[in-house]
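# Commentary on secondary and tertiary structure
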Amino acid sequence: MKIPSTLTFLRLSNHSSCLFLFYPPFALATVGVGLLPTASAIQGAAKAEPIVAELPSKEEIEEMIKSGALDRSEDNGDNGSEDEDEDMVAETEKQTGDVAQALAVADALGKTSKNKSGTQLEDLTDGLKELDMDNYDEEDDGIELFSKGLGDLYYPSNEMDPFLKDQDDDDSEEVEDMTIRPMDSVIVCARTEDDVSHLEVWIYEDLDEGDSNMYVHHDVIISAFPLCTAWLDCPIRGGEKGNFVAVGSMEPSIEIWDLDIIDEVQPCLVLGGTVEKKTKKRKKKPKYKDGSHTGAVLGLAWNKEYRNILASASADKQVKIWDVAAGKCNITMEHHEGKVQAVAWNHHVPQVLLSGSFDRSVVMKDGRVPTHSGFKWSVIAEVECLAWDPHTEYSFVVSLEDGTIRGYDIRAAKSDPSSESKPSFTLHAHDKAACTLSYNPAAPNLLATGSMDKMVKLWDLSNNQPSCVASKNPKAGAVFSISFSQDNPFCLAIGGSKGKLGVWDTLTETAVSGKFGNYSQQPNRPKA
């Protein structure tokens, strides 16, 4: 089961990135009105003052129209345009009938009132004559209808002009609202609501006395229903770093958006996709770009070591490795028999990639030897999410559709496909699908899980004997995505089916602060 949406964390003054994007820029996406987070974080990512996008030229607009980029998705198939035409005709006829009826009623009322009181219309006529509306704009000599007001007054400086001073204050307040401060966290939220998909860039700021505030800084309309996101700093547009988010959707393409540009109308890069858009009159077999996926993109993972590398998982049963700087697919792997739901790069050995599938398997491959069969682990249900332990290169966890979490040690992996490797632990974490999980980047053995059962739980995995240290119903509906921030590591972003973004300060839980509080990076933090 795949719930489309994603979330990311990032932070300035060294921003951070997370597929929940906490910037601690931070990001999140949703299904319908729901939200889904993914997580990762890198400080110093976002510009303090994002720039406003330039309007597209006439030629660019014509090209977008020709390519169909501005068309709405064709959910109704071949009959879509005909149904729309019929609806328009019916609406027009309805409006015409309403107008005719209104005129008839007005006419009837006029006749009735005339008959009942012949003086009423005469009084109205006399009143209009007195107003002399035909000559209302003619002025009498010597009378000035519009005074000059302050027009003749002179102020030695703008500071002394109360009108200009107020405008300056408004402008400064607007600039302050748009400025991303060094300690702000940035959240990128991909969501779909009322058939409109968009990316929202949220600001999460810590205030005095432990209070916090969140608001939308800017948003971007995207062309298709979002399913996953990944933040990356590959310098696509030059320079040493960038601030970009990759978005996977129901389409076979991957869009790369520049988060430092406001009011952008097109992605700065599109990986894969179709060559030409399907027509409404006659369905054609789509023609795909070289190296493109042919199904929805369900998972994305950016390689932090090789910053131009992005991995993708798709419903077409393929895993692809992209060179974002070159804008092309370098490697295509087909080692799963079902839709591939998730991918993740090892934090310590960045050439090693995990992938999880609907075929109830997890496969580990080395990107340097893509033809090798790799190592395979069989699980008891469809894979929902997987993640490498950031504190060791040997361990990873996988969450399943039946609500269980399994942990594995790759040192126990067996090269013989017929020999099954046993998990380090099996945790019956939730009553329904465990859609998402996130390791705490600072505190070893602290894992968060989220589920369709509406619960978020925190686990201590010490000695491969998981114990629940805290749980919470964040009132987000079914929980689709969670992510810890790397810069503020005990802040957990949460997104769910209610379409609301929440942040849980997990250190306010006594058990968490007691077990893991010594890993907090904020020594001056108020006590929970």
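Model, not experiment: these values are computed from the prediction. (Residues numbered from 1 in each chain as written. Predicted model: local features only at pLDDT ≥ 70, side-chain atom pairs only at ≥ 80, totals over all residues. Heavy atoms only, no water.)

Here we take up the overall build of the protein chain. A count of helical and extended segments in the protein chain gives five helices and 30 strands. Within the protein chain, the fraction of its 528 residues that count as buried is 44%. Sequence separation of at least 24 residues holds for 52% of the intrachain contacts in the protein chain that already meet a minimum separation of 6. Accessible surface, the protein chain as shown: approximately 27,900 Å² in total, 48% of it carbon and sulfur. (Helix = DSSP H or I, 4+ residues; strand = E, 2+ residues; numbered from the N terminus. Buried < 20%, exposed > 50% of the residue type's maximum accessible area, 1.4 Å probe, protein only. Contact = heavy atoms within 4.5 Å. Areas by Shrake-Rupley, 256 points an atom, 1.4 Å probe, with all protein chains shown as cover.)

Note that His-217 resides in strand β6 (residues 212-222). The exposure class assigned to His-217 is buried, which follows from its relative accessible area of 7%. For His-217, the side chain forms a polar contact with the side chain of His-218, separated by 2.8 Å. (Polar contact = N/O pair within 3.5 Å; in protein donor to acceptor, adjacent residues only side chain to side chain.)

Take the environment of Ala-412 next. Residue position: Ala-412 is located in the loop between β22 (404-409) and β23 (425-428). By relative accessible area, Ala-412 is classed as partly exposed at 43%. In sequence terms Ala-412 and Tyr-394 are 18 residues apart; their C-alpha atoms lie 9.5 Å from each other.

What follows deals with the pattern of salt bridges. Applying the stated criterion across every chain yields a total of five salt bridges. Across the pair Arg-368 and Asp-366 runs a salt bridge whose closest N-O atoms are separated by 2.8 Å. The partner of Arg-411 in a salt bridge is Asp-409, and the shortest N-O contact between them spans 2.8 Å. Arg-411 gets classed as exposed once you look at its relative accessible area, which sits at 59%. (Salt bridge = Lys/Arg side-chain N within 4 Å of Asp/Glu carboxyl O.)

Here the focus is the pairing of β6. Across 10 bridges, strand β5 (residues 196-206) lies against β6 in antiparallel orientation. Across the sheet, Tyr-204 pairs through a bridge with Met-214, a residue of β6. The loop that links β5 with its antiparallel partner β6 comprises five residues; one of these, Glu-209, has a positive phi angle of about 60°. (Pairing = 2+ DSSP bridges.)

Our next topic: the sheet that holds strand β30 (residues 501-505). Judged by pairing direction, the sheet is antiparallel, and its three strands sit side by side in the order β28-β29-β30 without closing on themselves. With one partner strand each, in any of the chains shown, β28 (479-484) and β30 form the two edges of the open sheet. Taking the axes of each pair of neighbouring strands and ignoring which way they run, one obtains an average angle of 25° across the sheet. Summarising the sheet, β28 and strand β29 (residues 491-496) pair through five bridges and their orientation is antiparallel. Along β29, the bridge assignment pairs Ser-483 with Ala-493. (Axes fitted to C-alpha atoms, helices over the stretch in contact; angles between N-to-C directions.)

With the rule as written, the count across this model stands at five aromatic pairs. Measuring from ring centre to ring centre gives 6.1 Å for Trp-377 and Tyr-408, while their planes differ by 55°; the resulting arrangement is tilted. Of this pair, Trp-377 sits in strand β19 (residues 375-378) while Tyr-408 sits in strand β22, placing them 31 residues apart in sequence. Each of the two residues, Trp-377 as well as Tyr-408, counts as buried. On the numbers, 5.6 Å between centres and 65° between planes, the contact of Trp-388 with Phe-396 is edge-to-face. The same class applies to Trp-388 as to Phe-396, namely buried. Chaining the aromatic ring pairs together yields one cluster made of Trp-377, Trp-388, Phe-396 and Tyr-408. (Phe/Tyr/Trp six-rings, centres within 6.5 Å; stacked < 30°, edge-to-face > 60°.)

Bringing unusual backbone geometry into the picture now. Phi is positive for Lys-317, which is not a glycine, with a value near 75°. Topologically, Lys-317 is positioned in the loop between β13 (309-314) and β14 (319-323).

What follows concerns the sheet that holds β22. Spatial ordering of the open sheet is given by β20-β21-β22-β23, a layout of four strands whose pairing is antiparallel. The open sheet terminates on both sides in strands that have one partner only, identified here as β20 (383-388) and β23. The mean inter-strand angle of the sheet, taken between neighbouring strand axes irrespective of direction, is 15°. Strand direction decides the pairing type here: strand β21 (residues 395-400) and β22, joined by five bridges, are antiparallel. Paired with Ser-395 across the two strands is Asp-409, which belongs to β22.

Time to look at the nonpolar core. Counting 31 residues, the largest nonpolar core has Leu-199, Ile-254, Leu-271, Leu-300 and Leu-310 as its most contacted members. Where this core is concerned, the elements lending two or more residues are β4 (185-193), β5, β6, β7 (226-232), β8 (244-249), β9 (254-258), β11 (269-271) and β12 (297-302). Beyond its immediate sequence surroundings of up to four residues, Leu-199 is in contact with Val-188, Cys-189, Ala-190, His-218, Asp-219, Val-220, Ile-222, Val-245, Val-247 and Trp-257. Formed by 18 residues, the second largest nonpolar core is a distinct cluster that contains Leu-458, Val-469, Ile-494 and Trp-504. (Core = buried A, V, L, I, M, F, W, Y, C linked by side-chain atoms within 4.5 Å.)

Our focus in this paragraph is the confidence of the model for the protein chain. Per-chain confidence: the protein chain averages 78 in pLDDT, with 65% of residues scoring 70 or above. Across residues 72-81, confidence stays below pLDDT 50; counting only partners more than four residues off in sequence or on other chains, it has nine contacts. Taken as a whole, residues 111-116 scores under 50 in pLDDT and shows three contacts with residues more than four places along the chain or in a different chain. (pLDDT = per-residue confidence, 0-100.)

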